[in-house]
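Here is how the chains run, residue by residue.
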Amino acid sequence: MWELKEYRIAGSVGEAVAMMRRGPGKGVYIAGGTDLFLFPPACDYVVDVNHAGMSSIARTPDGDLFIGAAATLHDIATSPLVTGFAGGLVSAAAAHCGNRPVRTTATIGGNLCNALPSADLAPALLALDAVCYIADEDSQESLPLEDFFTGPRRTVLDGRLLVGIALSAAAGERRAQARRLTRSAEDIALVQVAVALEIEGDRVGAARIALGSVAPVPMRAMLAEALVEGELIANLDPDRLADAAAIAAAECDPIDDHRASAEYRREMVGVLTRRLLASALAAATDMSPDSGNEGGAA
Ligand SMILES: Cc1cc2nc3c(=O)[nH]c(=O)nc-3n(C[C@H](O)[C@H](O)[C@H](O)COP(=O)(O)OP(=O)(O)OC[C@H]3O[C@@H](n4cnc5c(N)ncnc54)[C@H](O)[C@@H]3O)c2cc1C
């Protein structure tokens, strides 16, 4: 049983951070509560951010996509703005989280701030160079998502509020593919791989390979990315992709647990990375509207 002294409901971002810093004692933010109620932390009060004006999903005048931290996974999975961005990579990741009742309550902010290595939205967002917007009473900060996670269930936040996530308009044009392996549809992922390639004519521009459930934090396989980034598409033959996949497998740091062995997870990182790179490149060379820019598969 979670014994709380006070439940505070914030009406704005400013009010949320003020309520958090006011004390007395220790406070935590709550959004959907789907993680928090499973593992109630020791605290004196919670600050509910669901009415703090952080639920919007919008394109900025520059074409960037902004997703408020309190947007639910259901809203993200069904928003035309998100389904139409990078082939629906992020909406597909949201659609594969938990089950419908969970998705209608759970938020993107909660998914990231809970900071599980298996957080389902993390690889898709990392592959699109997501930027986190963070607020405190006297400060605002933005930082790349790859710098946000500091360990299992740990982030840089330290009591600050995640306000939202921004994705650049350019990231929305990436050829993106993702795959998530699980034991059953509702279980947490054993291995997650998301690949996103910027195509500049006959060459790959930015290349991103993001991994989940195979290290203490969701991560990018940067050495593998370097093998693909800037390359002529014609040079990215099956051998080169196999090399990149092997490097990605070497970069991750999986654990053995009751769900899968570390060896299996590492092997699957290699297999999925190779397949997803091949399929993203195949989609890039067929630029027809339905050319398989697949956001993800369960
Ligand atoms: C049955 C079930 C199935 C699930 N399946 C999946 C799954 O398949 N994949 C998956 O990834 N997850 C899954 N989850 C976990 C969970 O639903 C998600 O991580 C969800 O996105 C958490 O969001 P929330 O809004 O409920 O977070 P909350 O429980 O409200 O908060 C989680 C943590 O984030 C902090 N927090 C929340 N919002 C903010 C903010 N804006 N700023 C700062 N800190 C904040 C809270 O203080 C807390 O520490 C499942 C959970 C359940 C119960």
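Residues numbered from 1 in each chain as written. Predicted model: local features only at pLDDT ≥ 70, side-chain atom pairs only at ≥ 80, totals over all residues. Heavy atoms only, no water.

(A) Region of interest: the layout of surface pockets. For the largest pocket, the calculated volume is near 1,400 Å³. Around the largest pocket, the lining comprises 49 residues; the ones closest to its centre are D35, G110, C113, N114 and R153. Elements represented by at least two residues in the lining of the largest pocket include exactly helix 1 (13–22), strand 2 (27–30), helix 6 (108–114), strand 9 (154–155) and strand 10 (161–167). Ranked by residue count, the leading element in the lining of the largest pocket is helix 6, at 5 residues. Looking at the lining of the largest pocket, its residues break down into 24 nonpolar, 14 polar and 11 charged. Lining the lining of the largest pocket are residues from two domains, each supplying at least three of them: domain 1 (6–48) and domain 2 (174–285). (1 Å grid on protein atoms, 1.4 Å probe; cavity = no way out; pocket = protein on both sides within 12 Å on 5 of 7 lines; lining within 4 Å. Points joined across faces, edges and corners; volume = space filled by probe spheres on them. Helix = DSSP H or I, 4+ residues; strand = E, 2+ residues; numbered from the N terminus. Nonpolar A, V, L, I, M, F, W, Y, C, P; charged D, E, K, R; others polar. Domains from an automatic or database assignment.)

(B) Representation of the domain arrangement of the protein chain. With domains assigned, the protein chain is organised as domain 1 (6–48) and domain 2 (174–285). If you average the C-alpha positions of domain 1 and of domain 2, the two centres end up 36 Å apart.

(C) Highlighting the site of the ligand. Around the ligand sit 30 residues, and of these Y29, T34, D35, T107 and D120 come closest. About the coverage of the ligand: the protein hides 87% of its 980 Å² of free accessible area. Put simply, the ligand lies in the largest pocket. Looking at the shell around the ligand, the elements that each hand over two or more residues are strand 2, helix 6 and strand 10. With 5 residues, the single largest contributor to the shell around the ligand is helix 6. (Near = heavy atom within 4 Å. Areas by Shrake-Rupley, 256 points an atom, 1.4 Å probe, with all protein chains shown as cover. Sits in = over half its atoms within 2 Å of the grid points.)

(D) Summary view of the packing of aromatic side chains. Inspection of the entire model under this criterion finds 2 aromatic pairs. For the ring pair F148 and F149, a centre distance of 5.4 Å and an interplane angle of 85° mean the geometry is edge-to-face. Accessibility assignment for this pair places F148 and F149 in one class, buried. The ring centre of Y45 lies 3.7 Å from the NZ or CZ of R8, which sits over that ring. The ring of F39 carries the charged tip of R153 above its face, separated from the ring centre by 4.7 Å. (Phe/Tyr/Trp six-rings, centres within 6.5 Å; stacked < 30°, edge-to-face > 60°. Buried < 20%, exposed > 50% of the residue type's maximum accessible area, 1.4 Å probe, protein only. Lys NZ or Arg CZ within 6 Å of the ring centre and 35° of its normal.)

(E) Geometry of the nonpolar core. By size, the foremost hydrophobic cluster in this structure holds 61 residues, and its most contacted members are I76, L112, L125 and F148. No other element matches helix 7 (residues 121–127), which puts 6 residues into this core. Counting contributing residues per domain, this core is built from domain 1 (6–48) and domain 2 (174–285), each supplying no fewer than three. Every residue in contact with L125, bar those within four places of it in the chain, is listed here: V90, I108, L112, A130, L145, I165 and L167. (Core = buried A, V, L, I, M, F, W, Y, C linked by side-chain atoms within 4.5 Å. Contact = heavy atoms within 4.5 Å.)

(F) Layout of the sheet that holds strand 10. The antiparallel open sheet is built from 5 strands, whose spatial order is 4-5-10-6-7. Bordering the open sheet on either side are strand 4 (57–59) and strand 7 (139–144), each of which pairs with just one other strand. Direction aside, neighbouring strands of the sheet carry axes that sit 20° apart on average. (Pairing = 2+ DSSP bridges. Axes fitted to C-alpha atoms, helices over the stretch in contact; angles between N-to-C directions.)

(G) Broad picture of the pattern of salt bridges. Counted under the stated rule, the structure contains 17 salt bridges. For E6, the salt bridge goes to R8, with nearest N and O atoms at 2.9 Å. Overall, the relative accessible area of 33% leaves E6 in the partly exposed class. For R8, a relative accessible area of 4% translates into the label buried. Across the salt bridge formed by D129 and R174, the nearest N and O atoms sit 2.8 Å from each other. With D129 in the loop between helix 7 and strand 6 (131–136) and R174 in the loop between strand 10 and strand 11 (175–181), this pair connects stretches of sequence that are 45 residues apart. Note on D129: relative accessible area 24%, which makes it partly exposed. Salt bridges linked by common partners bring D129, E146, R174, E198, R208, R220, E225 and E229 together as one network. (Salt bridge = Lys/Arg side-chain N within 4 Å of Asp/Glu carboxyl O.)

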